[in-house]
Structure formats: C-alpha cells, structure tokens
Amino acid sequence: MSKLHLVFGGRVRDPQTLDFDDLGSIEVVGIFPDYASAEKAWRAAAQRTVDDAEMKYVVVHLHRLLEPDLIARTPQS
C-alpha cells in the first residue's frame with residue numbers, strides 16, 4: 001500500500017490551533033504518494049501565504065487512518 005499523504009489548509013481562528021474558520025473554504029492541495037512530495041507541496045502552499053498568520057496548511061498521514069493497525073507494526077513516516 002502506498003503511504004498516502006493529504007495536504008490541505010485554510011484560515012484558522014487561532015494560529016496556534018487547527019480550528020479552521022470555514023470548512024467550506026478549505027483548500028485541498030492534493031494527495032501525495034510519499035511524505036517527501038507532500039512536504040514539498042505543503043512548503044509551497046505555506047510560502048504563498050507566509051504573510052498571513054491566520055492561514056495554515058497541514059500534512060495528514062492518510063495511510064495511518066486507512067490502516068491504523070500498521071502503525072504498531074511498522075516504522076513511522
């Protein structure tokens with residue numbers, strides 16, 4: 001199974017949290033086959049909004065959600 005990663009972001013109420021203001025306006029950057037490509041996309045998206053402290057982008061490890069039993073058996077990535 002690919003180690004899929006989701007990159008998305010949007011405006012947050014507090015920059016220290018992941019409490020997104022409007023779930024309808026979240027930008028889905030994409031789904032990536034590995035962490036390296038997801039991180040590259042995350043950096044590009046975050047750089048576009050570097051001057052806006054209320055914009056936040058995150059990387060979600062989809063493979064951990066799809067097969068949580070694998071977490072205990074394999075190295076983290």
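Refer to the preceding data block for the structure.
Residues numbered from 1 in each chain as written. Predicted model: local features only at pLDDT ≥ 70, side-chain atom pairs only at ≥ 80, totals over all residues. Heavy atoms only, no water.

Engineer: Hey, could you run me through the pattern of salt bridges in this one?
Structural biologist: Once the charged atoms of two side chains with opposite charge are near each other, the side chains can pair. Scanning the model with the defined rule gives six salt bridges in all. Aspartate 19 serves as the salt-bridge partner of arginine 13, at 3.0 Å between the closest nitrogen and oxygen. According to the relative accessible area criterion, arginine 13 is exposed, its value standing at 51%. When the shortest N-O distance is used, the salt bridge between glutamate 27 and arginine 48 registers 3.0 Å. Taken together, the positions of glutamate 27 in strand E2 (residues 27–32) and arginine 48 in helix H1 (residues 35–48) put the pair 21 residues apart, joining distant regions of the chain. Judged by its relative accessible area of 31%, glutamate 27 falls in the partly exposed class. With a relative accessible area of 53%, arginine 48 lands in the exposed category. Taken together, the shared-partner salt bridges in this structure form one network comprising Arg11, Asp52 and Glu54. (Salt bridge = Lys/Arg side-chain N within 4 Å of Asp/Glu carboxyl O. Buried < 20%, exposed > 50% of the residue type's maximum accessible area, 1.4 Å probe, protein only. Helix = DSSP H or I, 4+ residues; strand = E, 2+ residues; numbered from the N terminus.)

Engineer: What am I meant to see in the packing of aromatic side chains here?
Structural biologist: The geometry of an aromatic ring pair is captured by the separation of the ring centres together with the interplanar angle, meaning the angle of the planes. Enumeration over the complete set of coordinates arrives at one aromatic pair. Ring plane angle 45° and centroid distance 5.7 Å describe the contact between phenylalanine 8 and phenylalanine 20, whose orientation is recorded as tilted. One end of the pair, phenylalanine 8, is in strand E1 (residues 5–11); the other, phenylalanine 20, is in the loop between E1 and E2, with 12 residues separating them in the sequence. Grouping residues by exposure puts phenylalanine 8 and phenylalanine 20 together as buried. (Phe/Tyr/Trp six-rings, centres within 6.5 Å; stacked < 30°, edge-to-face > 60°.)

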